[in-house]
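# Working through the structure, step by step
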Amino acid sequence: MQRAMHDRVDRLVRLRHRVAHAGSLLDVNVEARLTDAFDILRAISQPAENWCAAMSRVHDLDESRPR
């Protein structure tokens, strides 16, 4: 469990670095990174995860992007 959580955090940190350094995001698996973020939130606070999931527009934006 601890290793899996570390891997999720690591993937999000790497994504953050790509964004910060204007790296290409075209090949990012948005759904997988969103799942990572929600899994981390759930481990911290179920109400926080619920609230963020209800407020998130990421899935809708990902669905509308050209493939």
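Residues numbered from 1 in each chain as written. Predicted model: local features only at pLDDT ≥ 70, side-chain atom pairs only at ≥ 80, totals over all residues. Heavy atoms only, no water.

### Structural notes on the side chain of Glu49
For clarity, the threshold we go by: The way it works is that DSSP assigns letters per residue, a run of H or I at least four long becomes a helix, a run of E at least two long becomes a strand, and they are numbered from the N terminus. Contacts between residues were defined by any pair of non-hydrogen atoms, one from each residue, lying within 4.5 Å.
By the element assignment, Glu49 lies in helix α3 (residues 46–55). The contacts of Glu49, once residues within four sequence positions are left out, are Phe38, Leu41 and Arg42.

### Brief notes about the confidence of the model for the chain
Inclusion rule: Confidence scores here are pLDDT values: one per residue, from the predictor, ranging 0 to 100.
In the predicted model, the chain carries a mean pLDDT of 94, and 100% of its residues have values of at least 70. The spread of mean pLDDT over the elements of the chain runs between helix α4 (residues 58–64), the lowest at 86, and helix α1 (residues 2–20), the highest at 97.

### Topic: the pattern of salt bridges
Heads up, the rule is: Only one rule defines a salt bridge in this text: a Lys or Arg side-chain nitrogen within 4 Å of an Asp or Glu carboxyl oxygen. Each residue is placed in one exposure class: buried if its accessible area under a 1.4 Å probe, protein chains only, is under 20% of its type's maximum, exposed if it is over 50%, and partly exposed if it falls in between.
Applying the stated rule across the entire model yields eight salt bridges. Put simply, Asp27 and Arg18 hold a salt bridge, and the shortest N to O gap is 2.7 Å. Judged by its relative accessible area of 31%, Arg18 falls in the partly exposed class. Taken together, the shared-partner salt bridges in this structure form one network comprising Arg8, Asp39, Arg42 and Glu49.

### Quick word on the side chain of Asp36
Let me state the cut-off plainly: What qualifies as a polar contact is a pair of N or O atoms within 3.5 Å, subject to a donor-acceptor requirement within protein and to the restriction that residues adjacent in sequence count only when both atoms come from side chains.
Locating Asp36 in the fold gives a position in helix α2 (residues 30–44). Using a relative accessible area of 4% as the deciding quantity, one classes Asp36 as buried. Of note is the side chain of Asp36, whose polar atom sits 2.8 Å from the side chain of Arg11. Excluding residues within four positions of it along the chain, Asp36 makes contact with Arg8, Arg11 and Leu12.

### Side note on the packing of α1 against α2
Which entries qualify depends on this criterion: Geometry is summarised by axes, namely lines fitted to C-alpha atoms with helices restricted to the contacting stretch, and by angles between N-to-C directions that run from 0 to 180 degrees. An angle counts as roughly parallel when it lies under 35 degrees, as roughly antiparallel when it exceeds 145, as roughly perpendicular when it falls between 65 and 115, and as oblique in every other case. If you view the pair so one helix is near and one far, a crossing is left-handed when the near helix is turned anticlockwise from the far one by less than a right angle, and right-handed when it is turned clockwise. Each residue is assigned to one class: nonpolar for Ala, Val, Leu, Ile, Met, Phe, Trp, Tyr, Cys and Pro, charged for Asp, Glu, Lys and Arg, and polar for all the others, Gly among them.
Between α1 and α2, the shortest axis-to-axis distance is 9 Å and the interhelical angle comes to 125°. One way to sum up the angle between α1 and α2 is to call them oblique. Where α1 crosses over α2, the handedness of that crossing is left-handed. Two secondary-structure elements touch here, α1 through Met5, Arg8, Val9, Arg11, Leu12 and Leu15 and α2 through Arg33, Asp36, Ala37, Asp39, Ile40 and Ala43. By residue class, the composition of the contact of α1 with α2 is seven nonpolar, no polar and five charged.

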